[in-house]
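Spelled out from the first residue to the last, the chains are:
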Amino acid sequence: MRFSDMFASPLLMQIVLRAMVVGVLVSLCCALLGVNLVLRRFSMIGDGLSHVGFGAIALAAVCGLSQWELEFTLPVVIVAAVLILRMSERSHTQGDAAIALLATGAVAVGSLLYNYSPQRNADICNSLFGSASVLTLTDKDLILSLVLSAVVLALFVLCYHKLFAITFDEVFARATGVHTQAYKTLLAILTAVTIVLGMKLMGAIMISGLVVFPAMSAMRLCKSFRGVVLCSGGLAVVCFVAGFFTACRLSWQTGPTVIAVHTLVFVLVSAGSALAASRLLRRKKV
Amino acid sequence: MALIQCRDLSLAYDGRVVESGVSFSVPQGDYLCIVGENGSGKSTLMKALLGLIRPAGGSITFGEGLHQTEIGYLPQQTQIQRDFPASCFEVVLSGRLNRRKGRFFYHKADRDAARRTMDTLGIGDLARRCYHDLSGGQQQRVLLARALCATQKLLLLDEPVAGLDPVVTQELYALIRRLNDEGLTVIMVSHDMTAVAEDAKHVLHLAHKPLFYGNTFDYLHSGVGRRFTGRDGNALF
């Protein structure tokens, strides 16, 4: 598809715009939550949850519930998120291993289930890397995605100060009367919702990149928590739009293209900050 | 009525009783040092005072209008992860969290109070700096400012000078002494016996049960105090 073709037909443009709106919102949710998840060393939770989501989508497909994919996947992944949180709290090493167990178990069962689906390979490829499904976004999915990502963003903004406090120093937050357990559960649920929304667009393997990359790039650019959060959100939106149009133009898959743009930004930012640091060091020596 | 009154407190950690028979009271304006060897249950007692763990027996009563969530707590440095991107102002402001019940955001009064506290401690110019770029002594002052934002009555310090050089250590002690002189009650867990001898008004010596509780002069002349401070011929160290 040529770039100008996208805007040639109103129908095509509508489809492209829809996918982009959902993508931008999901990227924003992922990036904001990602700062807290990365700093709490929960990066793997996003990855684990998307694998559980893959299993759930396979189950939905085999049961003939493809239409209700989102509604079916959402509760499954939320339960998995709360479980993972509990397990990782009980013991550090066990929790880490538990995520790996849950993730590979779900992928194994999911890919076996696809044996009972008529177009096995295409389905697996779609749910792992996201793809043509961008164009099959129904009205129902669109509205559900818009409402849920608005809820995630609103809750994040309202709980921003408490989330900062429990991420920076959980014991102090608890001592001053913050219900840390409740907020951690909230964080896990918001992450689960975001992952499920983004999976269709980005694919199960790619979605955790949206969580980790913007936060990591932002942490190299900014020195305050608010700066990192804002920068992470901004980078996520810019990278998604750039990746999305590149993917449309070159007929690439959306998920991998967006993550490739994020990777490029991360490499550039890391190189830049390393250069700046060495220059600062040299100036201090002189 | 004392700020804190502990009666026959026993505390358990992982289902194992680590301390029993602890009784003491902290009147307003007191400077209490809690000493003892590693693993003697000092941190467990701290956690109980902060309400992070429930006592296995006995009671902790708060008086003089002090609420358990209004204790200014200065944790050990190790509790905070390195390389966390946060400006000092954000860290200090988070101490005001316990005053905004039912509100989502800070008021101007919260920001002003945080700024004032930083100025009082001589770190006003660090507000925009990143917390993890600071020296150990500066970081400790930022955390002290956060603790002061969280309280008007009681400071709880957990080995505040661990890892600091001697000069900075003396400065921090002087600061704490000044705050105590201004009327703030201080409870400090410490290994540093010289500070105990110079600043503390009362001492609680723990070894799974209280070995000594009383004023500092009596402690320094008691058997357990002489042994622990090394002023005895048969020093432990």
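Summary of the structure given here. (Residues numbered from 1 in each chain as written. Chains lettered and ligands numbered in written order. Predicted model: local features only at pLDDT ≥ 70, side-chain atom pairs only at ≥ 80, totals over all residues. Heavy atoms only, no water.)

## Observations concerning a positive patch on the surface
Residues and elements named next belong to chain A.
Part 1: Taken together, the side chains of Arg279, Arg282, Arg283 and Lys285 define a basic patch exposed on the protein surface.
Part 2: Its place among the elements puts Arg282 in helix H12 (residues 254-285).
Part 3: For Arg282, a relative accessible area of 55% corresponds to the exposed category. (Patch = residues over 30% accessible without salt bridge, like charges linked within 9 Å, V, L, I, M, F, W, Y side chains within 5 Å. Areas by Shrake-Rupley, 256 points an atom, 1.4 Å probe, with all protein chains shown as cover. Salt bridge = Lys/Arg side-chain N within 4 Å of Asp/Glu carboxyl O. Lys, Arg positive; Asp, Glu negative; His and termini not counted. Charge placed at Lys NZ, Arg CZ, Asp CG, Glu CD. Helix = DSSP H or I, 4+ residues; strand = E, 2+ residues; numbered from the N terminus. Buried < 20%, exposed > 50% of the residue type's maximum accessible area, 1.4 Å probe, protein only.)

## Brief notes about the sheet that holds strand E9 (residues 210-215) of chain B
Residue and element names in this part refer to chain B.
Part 1: Pairing is mixed in the open sheet, where six strands are placed in the order E5-E6-E7-E3-E8-E9. The open sheet terminates on both sides in strands that have one partner only, identified here as strand E5 (71-74) and E9. Taken over all neighbouring pairs, the strand axes of this sheet differ in orientation by 15° on average, direction set aside.
Part 2: Pairing of strand E8 (residues 202-206) with E9, which is carried by five bridges, proceeds in the antiparallel orientation. Paired with His202 across the strands is Asn215, a residue of E9.
Part 3: Against the sheet, helix H4 (residues 136-150) engages E5 and strand E6 (154-158), with an angle of about 165° to E5. (Pairing = 2+ DSSP bridges. Axes fitted to C-alpha atoms, helices over the stretch in contact; angles between N-to-C directions. Contact = heavy atoms within 4.5 Å.)

## A word on helix H5 (residues 120-129) of chain A
Part 1: Those residues of H5(A) lying buried are Ile124(A), Ser127(A) and Leu128(A). The buried residues of H5(A) occupy an angular sector of 100° when the element is viewed end-on, so they sit on one face. (Arc of directions from axis to C-beta.)

## Section: the packing of aromatic side chains
Part 1: The tally for this structure, following the rule as stated, stands at 14 aromatic pairs over all chains.
Part 2: Relative to Phe266(A), the ring of Phe213(A) lies with its centre 6.0 Å away and its plane at 65°, an arrangement referred to as edge-to-face. With Phe213(A) in helix H10 (residues 207-221) and Phe266(A) in helix H12, this residue pair connects regions lying 53 residues apart in the sequence.
Part 3: Ring plane angle 55° and centroid distance 5.1 Å describe the contact between Phe212(B) and Tyr219(B), whose orientation is recorded as tilted. By the burial criterion, Phe212(B) is buried, and Tyr219(B) matches it.
Part 4: These aromatic residues form a ring-pair network of at least three members: Phe156(A), Tyr160(A), Phe164(A), Phe168(A), Phe225(A), Phe84(B) and Tyr131(B).
Part 5: Positioned over the ring face of Phe172(A) is Arg146(B), at 3.7 Å from the centre of the ring. (Phe/Tyr/Trp six-rings, centres within 6.5 Å; stacked < 30°, edge-to-face > 60°. Lys NZ or Arg CZ within 6 Å of the ring centre and 35° of its normal.)

## Comments concerning the pattern of salt bridges
Part 1: With the rule as written, the count across this model stands at 14 salt bridges over all chains.
Part 2: We note a salt bridge from Arg146(B) to Asp169(A), for which the minimum N-O separation is 2.8 Å. Taken together, the residues span two chains, with Arg146(B) in helix H4 and Asp169(A) in the loop between helix H7 (160-168) and helix H8 (170-175). For the pair Arg146(B) and Asp169(A), a shared accessibility class is recorded, and that class is buried.
Part 3: Among the ionic contacts, a cluster of salt bridges with common partners joins Glu71(A), Lys140(A), Asp141(A) and Lys200(A).

## A few points about the side chain of Thr191(A)
Residue and element names in this part refer to chain A.
Part 1: Turning to its location among the elements, Thr191 is positioned in helix H9 (residues 180-202).
Part 2: Overall, the relative accessible area of 2% leaves Thr191 in the buried class.
Part 3: Leaving out residues up to four positions away in the same chain, Thr191 has contacts with Leu33, Leu37 and Leu49.

## Quick word on the side chain of Thr69(B)
Part 1: With respect to the helices and strands, Thr69(B) occurs in the loop between strand E4 (57-62) and E5.
Part 2: The exposure class of Thr69(B) is buried, given its relative accessible area of 17%.
Part 3: For Thr69(B), the side chain forms a polar contact with the side chain of His67(B), separated by 3.0 Å.
Part 4: With near-sequence residues (within four places) excluded, Thr69(B) lies in contact with Ala175(A), Thr176(A), Gly177(A) and Asn98(B). (Polar contact = N/O pair within 3.5 Å; in protein donor to acceptor, adjacent residues only side chain to side chain.)

## Overview of the nonpolar core
Part 1: Counting residues in hydrophobic clusters, the biggest one holds 135 residues, and the most contacted among them are Leu49(A), Phe168(A), Met202(A), Leu144(B) and Tyr219(B).
Part 2: In terms of residues, this core owes the most to one element, helix H1 (residues 10-39) of chain A, which gives 14 residues.
Part 3: Once you skip the residues sitting within four places of it in the chain, Met202(A) turns out to touch Leu128(A), Phe129(A), Gly130(A), Ile207(A), Leu210(A), Phe240(A), Gly255(A), Val258(A) and Ile259(A). (Core = buried A, V, L, I, M, F, W, Y, C linked by side-chain atoms within 4.5 Å.)

## Comments concerning the sheet that holds E4(B)
All names here are of chain B.
Part 1: The strand order across the open sheet built from three strands is E2-E1-E4, with neighbouring strands paired in antiparallel fashion. Looking at the sheet topology across the chains shown, the edges are occupied by strand E2 (16-26) and E4. Adjacent strand axes in the sheet meet at a mean angle of 25°, parallel and antiparallel pairs treated alike.
Part 2: Both strand E1 (residues 4-13) and E2 contribute to a ladder of seven bridges, which runs antiparallel. What sits directly across from Ala12, in E2, is Val17.
Part 3: Against the sheet, helix H1 (residues 42-49) touches E1, E2 and E4, its axis set at about 120° to E1.

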